[in-house]
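# Reading the structure
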Amino acid sequence: MLRGRESDQQAIDVLLDQARGGHSGVLVIEGEPGIGKTALLAYAEERAQDMDVLRGLGIETEADIPFASLHLLLRRRLDRLDTLPGRQAAALAGALGVAPTRSDDHFHVGLAVLSLLAELAEDRPLLCLVDDAHWLDQASARALRFAAHRLHAEGIVMLFGTRGGFDSAGLPERRLTGLNDQSAAQVLADAAPALTGPMRMRIIKESAGNPLALLELPHTTGLPAYDHSPLPLPERLRLAYAARIGLLPPDAQTALLVTALADDGDLDVIRRTCAELGIEPAALGAAERSGLVRIAGRHVWFAHPLMRAASFQLSTYDQRSEVHRILAGLLADRPDRQTWHLAAAATGPDETAAGALEEMARRARDRGANVSAAAAFERAAELSEDPELKGRRLLAAAVDATEEGQLQRAQQLIEAATGLVPDASARATFPMLRARIAFGRGDPNLAHDLLLKGAADVTADDRAAAGLMVVEAARNAHRLGDADRLVEAAARLRALDLRAEDDLDLARQSALGTALLLTEGPGAALPIMRELVTKGRQITSDMHSRRINASYFALQTGDFQAAWEIARAAADECRANGEIGKLAVLYITLATSEIFLDRFTDAMATASEGLQLTAETGRPSRAGCMHGILAWIAAARGDADRCAELATAAHRHYDANGIVNGLAWAQWAQALLDLGQGRFAEALDRLEGALAGPVGHRFQAVHFAPDLIEAAARLGLPADGPLRHYETWAAASGLEWAQAVAYRCRALLEPDGDRAHEYFRAAVRLHAGSGRPWESARTALVYGERMRRERQKSAARTHLRGALETFQRLDARPWAERATNELRAAGDTSLSAAGADSLSTLSPQELQIVRLAAAGRTNKEIGAQLFLSPKTVSYHLYRAFPKLNVTSRAQLGGLDLGVVP
């Protein structure tokens, strides 16, 4: 019986009941050793007699073996692999070591786990238990987190037990604390009914409500004398287990050591190892009878992880080395496990083991398991006798540690490798890594200096490497909105005089074009950028960084359709290949172009999905921009609370990493909200403040200049600088809609009424057929307002009705309200409330699913594209039907659903 855990049991019961009803749920149960996590997982299993159950475990000695824990969880269900989409099945088979791997498979593994769990849940609800999640290898943890985040309507429950150290990445958590004195007394009475007096009270007090301590401490002899600094509870429990192990015969103790070191508890491997040590099978039986281990099927488990630690710590180094040597010989069919045992058996430099570790590290890297790769490279370096080999392996470990954001570890590895790597091409990696570490620690200025200094140091030996570092410095400066440093990097690039045909050429031109925009203006820069866009359109596959550059420059030039098409093609390819990690940055361009193409609903769907992917793929630096874009959409639609929440999140990301793109969107969003609600002074203050900071050098500053000008005009203030800035860009862009907006801005600031009307008429003429309904409606609104004030009510109504129709279609509520009020003031009494656009009632995910279904995709195909299970697709699809007033998929084809993915 579990004492004092009624609310935790109830939470589990709710999840299980929801799964029986077809809904999925996840819970991470966290607490110190012995607090009851495993007991609650056992309770869940007991209550799930009508469900399918998968059991997984994190094992400390396997924490550096890629996908070891995932294999333990799924090994008995791999016969269902053939039910998965081909690429997912291949990726999961490769991860689990039963098929070759591809270097771009690692996100497909998470998709495959999701699909396999959903497939298993088709038969009956599924309970997935993962204990000791803090010891999951990182590759398994990533795949399981990805699947957990994507669960919705499959009938699956996932429970994780962890001491802490498991990155739950936003999954629901429940923290266990010690039992109260009453429950603790009940547990102790159950465990040791004869225990009374002072010792009973002492155990209740020193247990701090830890159930395992209450069960074990009464059976421990030789408790340390009480003082004011008792041993930490896990150490005391370990000593208790050590005392129990010490009572076993020597052979049984050795059998426990073999079990502790045999990774996944394979009974056959343990028995064969014991046989080579001359230990009879009965020894393992004695260990089982002691209650320290349990044997279930073909596997042996410790009753508690602290028992494994106690067995390990009671052994000698020589004993452990001998067991590792035997295990390495028995595991030839499991190369990763064999390699770690080979390394653990080494007593000094061992190039055979080091070489095997390096091969393992490269396999881990190919599977996306950078943490495991770093550990293998580092251990290979420890076993290396040759200094250069040692240095190269340490440097490789630093690369993988940096990739996973383990910045302190990476810094230590870099320092250890310094001076050991002689050639310039490898030495060029040092400043790149140091710069990434500095940037990750929030010191972008140091990162910039490290890159430029590193480039200077290697220029004579490797100009291409120097160019790469300077390009990276330019990118960092641009991301940070630091114009001076960007110009400095561009000057260094020109001085390098790199060959036009080398692989760096497009990146070099990108940096130079961006700097030229700052130094000589859009007239000089935009023609170069348009050329880069043309080259980007010619790239038909792979080369994502070049396509990202091209789509970004399309935004700079105002060619939003080209930006969308280039980014969309690259994103589709990434989806098809499972390269999910590259999608987040592409979604920034997609969502941005959708805003400027006046597809606000699409932009919200794209940015929402992108925000989810930034969390799932470990790319938080992209989240700030997603928050900022979503804040802008909320502002355009008048959702003040949502805008404030999202803008605050974007500001928080900027404070953490200095990346200015999200800040630019957030500051513009807050000003747009003020402008739409008539707070002109506040809008002007925000935009002038944004121009004075790093945002002033971002492309958003061009596009919010008209908002600043409108706010200034409403207050009767000049805005000559922003007007010149926008007119210069509009002229260089050659775009009719941009010139139309420029005329609108000049009209707003023009004191002469006749000339103002000339500018307005020119703006309206250019808007016709030039795209950008949002800007056209903004022009129609302010022109209609002016006409109404001048008592030209009939003409005013024509412009105001057109503006109102567009604002209603875009669900831009503050602007629609302004147009409605002006129409009433202009004498229009025929107004009626507009019905809600049915698309705006859909959630971002429902919109994507409905569009794909309308295009004829099956639920399984939609799930593969959106990284969802088919059941979740079905759930969202049938929630969307009533909102669209349809009852079947066939009817979707008759609806105007916008751009179908």
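### As for the overall build of the protein
Within the protein one finds 45 helices and seven strands. The C-alpha atoms of the protein give a radius of gyration of 32 Å, which matches the 29 Å a tight globule of 901 residues would have. Across its three principal axes, the protein shows a C-alpha extent of roughly 105 × 70 × 60 Å. Counting the 901 residues in the protein, one finds 56% classified as buried.

### Focus on the confidence of the model for the protein
When pLDDT is averaged across the protein, the result is 88; 95% of the residues are at 70 or more. Considering only residues more than four positions removed or in separate chains, one finds that residues 221–231, a stretch of pLDDT under 50, has 14 contacts.

### Regarding the pairing of strand 6 (residues 293–296)
Regular strands place their side chains on alternate faces of the sheet. Pairing geometry for strand 6 and strand 7 (residues 299–302), over four bridges, is antiparallel. Counted as the bridge partner of arginine 294 is tryptophan 301 from strand 7. From the end of strand 6 to the start of strand 7, which pair antiparallel, there are two residues, and glycine 297 there has a positive phi angle of about 65 degrees.

### Section: helix 22 (residues 429–440)
Over its 12 residues, helix 22 extends 16 Å from the first C-alpha to the last, a length consistent with the 16 Å expected when each residue adds 1.5 Å. Where helix 22 is concerned, the buried positions are Phe430, Pro431, Leu433, Ala435, Ile437, Ala438 and Phe439.

### A word on the side chain of lysine 37
Structurally, the position occupied by lysine 37 is in helix 2 (residues 37–47). Buried and unpaired, lysine 37 has aspartate 132 as its nearest opposite-charge partner, separated by 5.9 Å. For lysine 37, the side chain forms a polar contact with the main-chain oxygen of glycine 31, separated by 3.0 Å. Setting aside anything within four residues of it in sequence, one finds lysine 37 in contact with Ile29, Glu30, Gly31, Glu32, Gly161, Thr162, Arg163 and Leu176.

### Comments concerning the sheet that holds strand 4 (residues 156–162)
Within a beta sheet, neighbouring strands are joined by backbone hydrogen bonds and run either parallel or antiparallel to one another. Read from one edge of the open sheet, five strands run 2-3-4-1-5, paired in parallel fashion. For this open sheet the edge positions go to strand 2 (52–57) and strand 5 (173–175), each flanked by a neighbour on one side alone. Here the average twist between neighbouring strands, direction ignored, is 15 degrees. Pairing of strand 2 with strand 3 (residues 126–131), which is carried by six bridges, proceeds in the parallel orientation. Considered in strand 3, the bridge of valine 53 is made with leucine 127.

### Section: the nonpolar core
Note that soluble globular proteins tend to have their nonpolar side chains buried in a common cluster. Formed by 113 residues in total, the largest nonpolar core has its most connected members in Trp632, Trp665, Tyr726, Trp774 and Phe807. When residues of this core are assigned to their parent elements, the largest contribution, 11 residues, is made by helix 34 (residues 660–676). With near-sequence residues (within four places) excluded, tryptophan 665 lies in contact with Thr592, Ile595, Phe596, Cys625, Gly628, Ile629, Trp632, Phe699 and Gln700. Counting 77 residues, the second-largest nonpolar core is a separate cluster that includes Ala89, Leu151, Ala375 and Leu413.

### Let's talk about the packing of helix 23 (residues 444–458) against helix 24 (residues 463–479)
For the pair helix 23 and helix 24, the least separation of the axes is 8 Å and the interaxial angle reads 165 degrees. Considering the angle they form, helix 23 stands roughly antiparallel to helix 24. Seen along the crossing, helix 23 lies across helix 24 with a hand that is left-handed. Every residue of helix 24 that contacts helix 23 at Ala447, His448, Leu451, Leu452, Gly454, Ala455 and Val458 is listed here: Arg463, Ala465, Ala466, Met469, Val470, Glu472, Ala473, Asn476 and Ala477. Partitioning the contact of helix 23 with helix 24 into residue classes produces 11 nonpolar, three polar and two charged.

### A word on the environment of glutamate 775
Along the chain, the position of glutamate 775 falls in helix 40 (residues 773–789). Classification of glutamate 775 by relative accessible area gives buried; the value is 9%. Distance from glutamate 775 to alanine 550, taken between C-alpha atoms, is 25 Å for residues 225 residues apart in sequence. Discounting residues that sit within four places of it in the chain, glutamate 775 has contacts with Val741, Arg744 and His767. Within the structure, the side chain of glutamate 775 is placed 3.0 Å from the side chain of arginine 744, a separation counted as a polar contact.

### Some points on the environment of aspartate 137
Here aspartate 137 is to be found in the loop between strand 3 and helix 6 (138–150). A relative accessible area of 0% places aspartate 137 in the buried class. Each C-alpha atom of the pair aspartate 137 and histidine 627 lies 31 Å from the other, and the pair is 490 residues apart in sequence. The residues touching aspartate 137, leaving out its near neighbours within four places in the chain, are Glu62, Ala63, Ile65, Pro66, Phe67, Ala68 and Ser69. A distance of 3.1 Å separates a polar side-chain atom of aspartate 137 from the backbone nitrogen of alanine 68.

### Let's talk about the pairing of strand 1 (residues 25–30)
Counting buried positions along strand 1 gives five out of six residues, so the element sits mostly inside the fold. Across three bridges, strand 1 lies against strand 5 in parallel orientation. If you follow glutamate 30 over to strand 5, its bridge partner there is arginine 175.

### Here we look at the state of the cysteines
All told, the structure shown has zero disulfides when counted by the stated rule. Left unpaired, cysteine 625 is separated from the closest cysteine sulfur, that of cysteine 643, by 15 Å. The class for cysteine 643 is buried, based on a relative accessible area of 2%.

### Regarding the pattern of salt bridges
In this structure the tally under the stated criterion is 57 salt bridges. The partner of aspartate 336 in a salt bridge is arginine 367, with the nearest N and O atoms 3.0 Å apart. With a gap of 31 residues between them, aspartate 336 in helix 16 (residues 335–345) and arginine 367 in the loop between helix 17 (351–366) and helix 18 (370–382) connect regions that are remote in the sequence. Arginine 367 carries the same exposure label as aspartate 336, and that label is buried. With its nearest N and O atoms 2.7 Å apart, the salt bridge here joins arginine 686 to aspartate 674. You can see arginine 686 sitting in helix 35 (residues 680–692) and its partner aspartate 674 sitting in helix 34, a full 12 residues away along the chain.

### Details of the side chain of arginine 778
Checked against the element boundaries, arginine 778 lands in helix 40. At 2.7 Å, the side chain of arginine 778 and the side chain of aspartate 707 are in polar contact. Once you skip the residues sitting within four places of it in the chain, arginine 778 turns out to touch Leu672, Leu675, Asp707, Glu710, Arg744, Phe807 and Trp815.

### Focus: helix 40
Three or four residues apart is the spacing at which side chains of an α-helix point the same way, because the helix has 3.6 residues per turn. Given a rise of 1.5 Å per residue, 17 residues ought to cover 24 Å, and the 24 Å separating the end C-alpha atoms of helix 40 matches this to within 8%. Counting buried positions over the 17 residues of helix 40 gives 13, a clear majority of the element. One or two steps after helix 40, the chain reaches arginine 791, where phi turns positive at roughly 65 degrees.

### What about the packing of aromatic side chains?
This model, assessed by the stated rule, comprises 23 aromatic pairs. Judged by centre distance (5.8 Å) and plane angle (65 degrees), the rings of tyrosine 552 and phenylalanine 553 are edge-to-face. Look at tyrosine 552 and you get buried, because its relative accessible area is 15%. With 6.3 Å between their ring centres and 80 degrees between their planes, tryptophan 632 and tryptophan 665 make a pair best called edge-to-face. One end of the pair, tryptophan 632, is in helix 32 (residues 623–636); the other, tryptophan 665, is in helix 34, with 33 residues separating them in the sequence.

### Quick look at the packing of helix 11 (residues 250–261) against helix 13 (residues 281–289)
Interhelical geometry of helix 11 versus helix 13 gives an angle of 85 degrees and a closest axis separation of 8 Å. Relative to helix 13, the element helix 11 lies roughly perpendicular. Residues Asp251, Ala252, Ala255, Leu256 and Thr259 of helix 11 touch helix 13, and the partners they reach there are Ala283, Leu284, Ala286 and Ala287. Residues that form the contact of helix 11 with helix 13 fall into these classes: seven nonpolar, one polar and one charged.

### Topic: unusual backbone geometry
The backbone phi angle of aspartate 598 is positive, close to 65 degrees, even though this residue is not glycine. Residue position: aspartate 598 is located in the loop between helix 30 (583–596) and helix 31 (600–616). One non-glycine residue with positive phi stands out, namely asparagine 885, at about 60 degrees. Counting through the fold element by element, asparagine 885 comes out in the segment after helix 45 (870–884).

Thresholds applied
- Residues numbered from 1 in each chain as written.
- Predicted model: local features only at pLDDT ≥ 70, side-chain atom pairs only at ≥ 80, totals over all residues.
- Heavy atoms only, no water.
- Helix = DSSP H or I, 4+ residues; strand = E, 2+ residues; numbered from the N terminus.
- Rg over C-alpha atoms; globule rule 2.2 N^0.38 Å.
- Buried < 20%, exposed > 50% of the residue type's maximum accessible area, 1.4 Å probe, protein only.
- pLDDT = per-residue confidence, 0-100.
- Contact = heavy atoms within 4.5 Å.
- Pairing = 2+ DSSP bridges.
- Expected span 1.5 Å × (residues − 1).
- Lys, Arg positive; Asp, Glu negative; His and termini not counted.
- Salt bridge = Lys/Arg side-chain N within 4 Å of Asp/Glu carboxyl O.
- Polar contact = N/O pair within 3.5 Å; in protein donor to acceptor, adjacent residues only side chain to side chain.
- Axes fitted to C-alpha atoms, helices over the stretch in contact; angles between N-to-C directions.
- Core = buried A, V, L, I, M, F, W, Y, C linked by side-chain atoms within 4.5 Å.
- Parallel < 35°, antiparallel > 145°, perpendicular 65-115°, else oblique.
- Left-handed = near helix turned anticlockwise from the far one by under 90°.
- Nonpolar A, V, L, I, M, F, W, Y, C, P; charged D, E, K, R; others polar.
- Disulfide = S-S within 2.5 Å.
- Phe/Tyr/Trp six-rings, centres within 6.5 Å; stacked < 30°, edge-to-face > 60°.

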